[in-house]
Amino acid sequence: MARQRKKKGRPVSGWLVFDKPKGMGSTEAVSKIKWLFKAEKAGHAGTLDPLASGMLPIALGEATKTVPYVMDGTKMYRFTVTWGAERTTDDLEGEVTLTSADRPDEAAIKAILPKYTGVIEQVPPKFSAIKIAGERAYDLARGGEEIEIPAREVEIDRLELIERPDDSTAIFEVECGKGTYVRSLARDMGRDLGCYGHIADLRRIEVAPFDEQDFVTLAELEAAHPPVPEGEEAGEQSYQAIAERFAVMDAFLIETGAALDCLPQVAVSDDQAHRIRMGNPVILRGRDAPVEADEACVTSRGKLLAIGFIEQGQFKPKRVFTA
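The paragraphs below set out a description of the structure included in this document. (Residues numbered from 1 in each chain as written. Predicted model: local features only at pLDDT ≥ 70, side-chain atom pairs only at ≥ 80, totals over all residues. Heavy atoms only, no water.)

## Section: the pattern of salt bridges
The line we're drawing: In what follows, salt bridge is the name for a side-chain nitrogen of Lys or Arg lying within 4 Å of a carboxyl oxygen of Asp or Glu. Only DSSP runs of H or I with at least four residues qualify as helices, and only runs of E with at least two residues qualify as strands; both kinds are numbered from the N terminus onward. Think of it in three bands: with a 1.4 Å probe and only protein chains considered, a residue is buried below 20% of the maximum accessible area for its type, exposed above 50%, and partly exposed in between.
Per the counting criterion, the structure on display carries 18 salt bridges. Close ionic contact of E106 with K110 constitutes a salt bridge, the shortest N to O distance being 3.0 Å. With E106 and K110 both in helix α3 (residues 106-112) and four residues apart, this pair spans about one turn of that helix. Using a relative accessible area of 40% as the deciding quantity, one classes E106 as partly exposed. The partly exposed category is assigned to K110, whose relative accessible area is 43%.

So this is what it looks like as structure tokens:
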């Protein structure tokens, strides 16, 4: 018989709302957080470019099952556009391809903003993770290949000019849905204004249901990270001893269920919870219990138990949480 591989790491679960610094890639950030928490499993909800900073929600353990719900959440960015040059990557990293001596005034900038709100057609940047014939667009672009990326629909709830530090710079705030490229916004506004433009600074400040108050920095995490006791291997410690050592770190985590605020939530009894853990449906009782719902979640003793659907007053589990 093949030997079962022992899981590495702690069975810790929850969301960490990481304030990603510039220069760190999203995959690198997840690896760092996974190591700091000594977690078995980790993933993120929505990639941030290395040149961007701000909110990167990172799911640990059972919270990875709720990543799609955070991915679909509304996002808010604050970004700076430099006018006068268009670049290959639509940000500071790329080479300049077009230039202009023209600079837009405040009235001209504000006049085009309605064009970029609501459901709009947007062409993603050539240096993006979009797949073209099975290949990532950025890989093709780096190889010097000329590619045409088709436009796609994105939704922008709000786009606002916040500040104009000088004639060549404008600072905006945008609230948008999944799949929106802020770099494309800068490029397209620059073209519309006849002066060209690119992103000089980009910071994500919200990913629903999380906001700036939930931010945790790398410095805070590293300060709280417990050293391994001298002469003692982590694998030789009891689960309780490890939990106690990581108590300060774990206090940064937000409950897994916070990601599901968008769904109807129903509390169930201990007996019902036992049936759901076994994968069985339960009849929901109570005046306020929904009769039908395409998606809902149930809680037991205040903690997330399962995601499923409600049909004819019965909750039928699709995903059960163990922690």
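Once you've had a look at it, read on.
## With respect to unusual backbone geometry
At the junction of A208 and P209, the peptide bond is cis and its omega measures out at 15° in the coordinates. Checked against the element boundaries, P209 lands in the loop between β12 (197-207) and α6 (218-224). Located in the positive-phi region is K38, a residue other than glycine, with phi close to 50°. Mapped onto the fold, K38 is located in the loop between α1 (26-37) and β2 (42-44). On the basis of relative accessible area, K38 is assigned to the partly exposed category, the value being 31%. Of note in the backbone geometry, Y196 takes a positive phi value of approximately 65° without being a glycine.

## Regarding the side chain of D90
Rule in force here: Only heavy atoms matter for contacts: two residues are in contact if any of them lie within 4.5 Å across the pair.
In this fold, D90 is placed in the loop between β5 (85-87) and β6 (96-99). Discounting residues that sit within four places of it in the chain, D90 has contacts with P125, R183, R187, H198 and I199.

## A word on α1
What counts here: The span expected for a helix works out to 1.5 Å for each residue beyond the first. In this context, the arc is that of the directions from the helix axis out to the C-beta atoms.
Helix length check: α1 (twelve residues) gives 17 Å between terminal C-alpha atoms against 16 Å at 1.5 Å per residue, within 8%. When we look at burial in α1, the residues that qualify are S26, A29, V30, I33, L36 and F37. What you see down the axis of α1 is that its buried residues fit within an arc of 130°, all on one side. Exposed positions of α1 whose direction lies more than 90 degrees from the buried face are T27 and W35. As for α1, its buried residues are in contact with β1 (14-20), β2, β3 (53-60), α6 and α8 (247-250). Among the residues trailing α1, K38 stands out with phi positive, at a value near 50°.

## Quick word on the packing of aromatic side chains
For clarity, the threshold we go by: Planes of paired rings set the category: under 30 degrees apart is stacked, over 60 is edge-to-face and the rest tilted, where pairs are Phe, Tyr or Trp rings (Trp by its six-membered ring) whose centres lie within 6.5 Å. Lysine NZ or arginine CZ positioned within 6 Å of the ring centre and within 35 degrees of the ring normal marks a charge as sitting over the ring.
On inspection of all chains with the given rule, the structure shows three aromatic pairs. Judged by centre distance (6.4 Å) and plane angle (90°), the rings of W83 and F172 are edge-to-face. Of this pair, W83 sits in strand β4 (residues 75-83) while F172 sits in strand β11 (residues 169-176), and the two are 89 residues apart along the sequence. The exposure class assigned to F172 is buried, which follows from its relative accessible area of 0%. Ring pairs connect the aromatic residues F79, W83 and F172, which therefore count as one cluster. Taking the ring centre of F321 as reference, the NZ or CZ of K65 above it sits at 5.3 Å.

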